[in-house]
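Listed below, chain by chain, are the residues.
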Amino acid sequence: MNVETLPLLPHQKSNCKVELPYANYHELLKAKVTEAPSREFLIFPETDRHYTYQQFYEISLAASEWLRSEVRDFGTIGIIFRNTPEFLAIYFGAIARGITVVPINHDLAPAEIRFIVENSDCEAVFYDPNFEAKVASLKPQMGMAFHPFADVANLPPVDVHKTEASLPRVEPSTRLVIIYTSGTTGNPKGVVLSHMNFILDGIAIADWFELTPATRSICVLPLFHNNGLVISTTTTLCAGGSIVFVDPKASLRSFWALVDRYGATFTSVMPSILAALLMLPFQGKRGQIKGIICGGQLLPLSLAEKFEERFGAPIFEGFGSTEASSYSSFNRFPPERRKLGSVGVVLPICDMKVVDDEDNELPDGTEGELCIRGPNCAIGYHRLPELNAKKFRDGWYHSGDYGLRDAEGNYYFRGRKDDLIIKGGEKIYPAEIENVLSQHPNVSESAAIGVDDPILGQ
Amino acid sequence: MTRQELYAEVAPIAAQILRIPQFDSAVNMHSTPEWDSLNHVRLLSAVEKKFAIEIGADEAFKLTSADRLVEYLHGILRGEP
């Protein structure tokens, strides 16, 4: 269906012609199952569990049946899991019933988890029993059910056709997830994303990197963040590929060994992971990885160059945010088309522009705030009308990130508006200082912050 | 070396790197905030040095709890593959 025919919010409209081939995420999964039921889909090396598309589809339907008995259709649930089959079973099972999933960072303190569960109006929480001690302190304070879920093998098998027939009609605009992101002040804020958001961003990125059913991603980022859910999971699913899930905290030393053993060709990381991998021995095969997506922080050019030289793996920087599902721009693929140091050009599902403090669009080469609009942009923040009015205004999402565009349409990310140092009226991006420091061979990481000054301001 | 002795041998390393007072069966990566990705690398490197062994990259990502680490050490020090 043509996205323009859908009931879009003002900031979800763009000048791009976009087709949405699946009405909802379950339809996407089912289409891939139908294409190749016996193709390998999910691999979990820690427990040596492997699932084909058909196997995991049946598991997700079994989870869906369990959820049906515990939560109303189109309700909201919290989930606290590591990168395990149990996380994905509940995730796929819930969204098939139009249930909104709130993935919760298991490293948060109980009080923070409580805030997210209450703020998002969760009706129930499903969790890994390994987190029982943390969850136990919450149960008596909260008026909802907590369900431990240890193993997908414990789900009773279901009649696939009967369960499919019981699924409600889920629209593209139905809420899929609420992902909580930390702000610089106050409580985390919940970003509400729809089925349409994830599907379109996933397809756009899969097409951008020419992913195919032969693509094998390795996910070393947590699934409770949009990066793990969109880039590793949704994007690879859109291509009909397979995904290797590793515990992010345990993956560094084994990264290249796992890439080799499972033939991984694609991954997504933060710059800090690239820096850490550079410090470790390399016993892998150069050039095995065809693309490493990198974002979330500024990537020093010297780090990218050292990494590519040593490992032979091309890095693709992009610009993104949870509020735009994941990435809205990427460096061009294949690698020889990249413009290093840039976060690339806008994806063909959305528009981007640079504005000044009065929201006037700025000409190429002039720095300002980066704005995005298109069907990958979120429904908004959960229960934060004032913030919604501030960030989603005039038909654009105002990212709070500073950067510019060159004459060829390449965008450059300079830093967070909040982090900008203003010294005697001169704007200084912390990254300008950090980039210089990081070139020193004895500096692995650096951070520049503004300090109050009575004369210069900072 | 028994498993109990191994727990005792690893305890000072864990105390230094993970800043935990006790190293026992209850300790795992997900209940110990200091056991993050970089400290996982540091912990395994320190254990390798202490026992003069090399932990294979094929095993390192599985050693996410005190029990798993001690079990691995118990096996490798007995010469098990």
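Values in this document were obtained by computation on a predicted structure and should not be read as measured data. (Residues numbered from 1 in each chain as written. Chains lettered and ligands numbered in written order. Predicted model: local features only at pLDDT ≥ 70, side-chain atom pairs only at ≥ 80, totals over all residues.)

A. Molecular detail of the overall build of chain A. Looking only at helices and strands, chain A has 13 helices and 23 strands in total. At 22 Å, chain A has a C-alpha radius of gyration in line with the 23 Å of a compact globule built from 458 residues. Principal-axis analysis of the C-alpha atoms gives chain A an extent of 70 × 50 × 45 Å. Burial analysis of chain A (458 residues in total) assigns 50% to the buried set. Of the contacts made within chain A by residues no fewer than 6 positions apart, 68% connect residues no fewer than 24 positions apart. (Helix = DSSP H or I, 4+ residues; strand = E, 2+ residues; numbered from the N terminus. Rg over C-alpha atoms; globule rule 2.2 N^0.38 Å. Buried ≥ 20, exposed ≤ 12 C-beta atoms within 10 Å, placed from the backbone. Contact = placed C-beta atoms within 7 Å.)

B. Fine view of the overall build of chain B. Counting its secondary structure elements, chain B contains four helices and zero strands. Taking 12 Å as the expected radius of gyration for a compact globule of 81 residues, we find that chain B reaches 11 Å, a close match to that expectation. Viewed in the frame of its principal axes, chain B has a C-alpha envelope of about 30 × 25 × 20 Å. Going through the 81 residues of chain B one by one, you find that 30% of them count as buried. Residue pairs at least 24 apart in sequence account for 53% of intrachain contacts in chain B once pairs closer than 6 positions are excluded.

C. Main features of the sheet that holds strand E1 (residues 40-44) of chain A. Residue and element names in this part refer to chain A. Read across the sheet, nine strands follow the order E2-E1-E10-E9-E11-E12-E13-E14-E15 without closing on themselves; strand pairing throughout is mixed. At either end of the open sheet lies a strand with only one pairing partner, and these are strand E2 (49-52) and strand E15 (345-346). Where helix H9 (residues 255-262) meets the sheet, it contacts E1, strand E9 (216-219) and strand E10 (242-245), and its direction lies at approximately 155 degrees from that of E9. (Pairing = 2+ DSSP bridges. Axes fitted to C-alpha atoms, helices over the stretch in contact; angles between N-to-C directions.)

D. Structural context of helix H2 (residues 37-51) of chain B. Residues and elements named next belong to chain B. Along its 15 residues, H2 runs 22 Å from first to last C-alpha, staying within 8% of the 21 Å computed at 1.5 Å per residue. Those residues of H2 not exposed but buried are His40, Leu43, Leu44 and Val47. Along the long axis of H2, the arc covered by the buried residues comes to 95 degrees, so they all point the same way. If you follow the buried residues of H2, they end up packed against helix H1 (3-18) and helix H3 (57-60). Trailing H2 by a residue or two, Ala52 shows a phi angle of about 50 degrees, which is positive. (Expected span 1.5 Å × (residues − 1). Arc of directions from axis to C-beta.)

E. Layout of the interface of chain A and chain B. Between chain A and chain B, the residue contacts involve 22 residues of the former and 17 residues of the latter. Along the lines of polarity and charge, the residues of the side of chain A that touches chain B split into eleven nonpolar, five polar and six charged. (Nonpolar A, V, L, I, M, F, W, Y, C, P; charged D, E, K, R; others polar.)

F. Region of interest: the packing of helix H10 (residues 271-278) of chain A against helix H11 (residues 301-311) of chain A. All names here are of chain A. Packing of H10 against H11 leaves a shortest axis separation of 10 Å and a crossing angle of 50 degrees. When the interaxial angle is binned, H10 and H11 end up oblique. Crossing angle aside, the handedness with which H10 passes H11 is left-handed. Facing H10, whose interface residues are Pro271, Leu274, Ala275 and Leu278, H11 presents Leu303, Lys306, Phe307 and Arg310. Of the residues contributing to the contact of H10 with H11, the split by class is six nonpolar, no polar and two charged. (Parallel < 35°, antiparallel > 145°, perpendicular 65-115°, else oblique. Left-handed = near helix turned anticlockwise from the far one by under 90°.)

G. Seen up close, helix H7 (residues 195-208) of chain A. All names here are of chain A. A rise of 1.5 Å per residue sets the reference length of H7, with its 14 residues, at 20 Å; its end C-alpha atoms lie 20 Å apart and thus fit the reference within 8%. The buried fraction of H7 amounts to 13 of the 14 residues, a majority that puts the element mostly inside the structure. Of the residues trailing H7, Glu210 is marked for its positive phi of about 55 degrees.

H. The domain arrangement of chain A, seen in detail. Residues and elements named next belong to chain A. Looking at chain A, the domain boundaries give domain 1 (3-419) and domain 2 (421-458). Of note, the centres of domain 1 and domain 2, computed from C-alpha atoms alone, are 31 Å apart. Counting residues at the interface gives nine residues for domain 1, matched by nine residues for domain 2. Class assignment for the residues of the side of domain 1 that touches domain 2 results in five nonpolar, two polar and two charged. (Domains from an automatic or database assignment.)

I. Just the packing of H7(A) against helix H8 (residues 226-239) of chain A, in detail. Residue and element names in this part refer to chain A. Contact geometry of H7 with H8 gives a least axis separation of 8 Å together with a crossing angle of 75 degrees. Put simply, H7 runs roughly perpendicular to H8. Across the interface between the two elements, Phe198, Asp201, Gly202, Ile203, Ile205 and Ala206 from H7 touch Val230, Ile231, Thr234, Thr235, Leu237, Cys238 and Ala239 from H8. Class assignment for the residues of the contact of H7 with H8 results in nine nonpolar, three polar and one charged.

J. Up close: the pairing of strand E7 (residues 175-181) of chain A. Residue and element names in this part refer to chain A. Among the seven residues in E7, six count as buried, and that is most of the element. Bridging between E7 and strand E8 (residues 189-194) involves six bridges; their strand directions are antiparallel. Of the residues in E8, the one forming a bridge with Ile178 is Val192.

K. View of the environment of A:Asp121. Within the secondary structure, A:Asp121 sits in the loop between helix H4 (110-119) and strand E5 (124-127). Among the residues examined, A:Asp121 registers 16 C-beta atoms within 10 Å and is labelled partly exposed.

L. Examining the pairing of strand E20 (residues 396-405) of chain A more closely. Residue and element names in this part refer to chain A. Most of E20 is tucked away, with seven of its ten residues classed as buried. Looking at chain direction, strand E17 (residues 368-373) and E20 are connected through four bridges and run antiparallel. When the bridges of E20 are listed, Gly368 appears paired with Gly403. Relative to strand E21 (residues 411-416), E20 runs antiparallel, the two sharing five bridges.

M. Geometry of unusual backbone geometry. All names here are of chain A. Across the junction of Phe333 and Pro334, the peptide omega takes the value 0 degrees, indicating a cis bond. With a phi angle near 70 degrees, Ser325 is a residue other than glycine that sits in the positive phi range. Mapped onto the elements, Ser325 comes out in the loop between strand E13 (315-320) and strand E14 (327-330). Look at Ser325 and you get buried, because 35 C-beta atoms sit within 10 Å.

N. The environment of A:Ser399, seen in detail. All names here are of chain A. Among the secondary structure elements, Ser399 is positioned in strand E20. When the 22 C-beta atoms within 10 Å are taken as the criterion, Ser399 is described as buried. With 75 residues separating them in the primary sequence, Ser399 and Ala324 have C-alpha atoms 9.2 Å apart. With residues near it in sequence (within four places) discarded, Ser399 still touches Ser321, Glu369, Leu370, Cys371 and Ile372.

O. Looking closely at the confidence of the model for chain B. When pLDDT is averaged across chain B, the result is 94; 99% of the residues are at 70 or more. The ipTM value of the predicted complex is 0.93, and its pTM value is 0.92. (pLDDT = per-residue confidence, 0-100.)

P. A look at the environment of B:Glu59. Looking at the secondary structure, you find B:Glu59 in helix H3. Classification of B:Glu59 by C-beta neighbours within 10 Å gives partly exposed; the count is 17.

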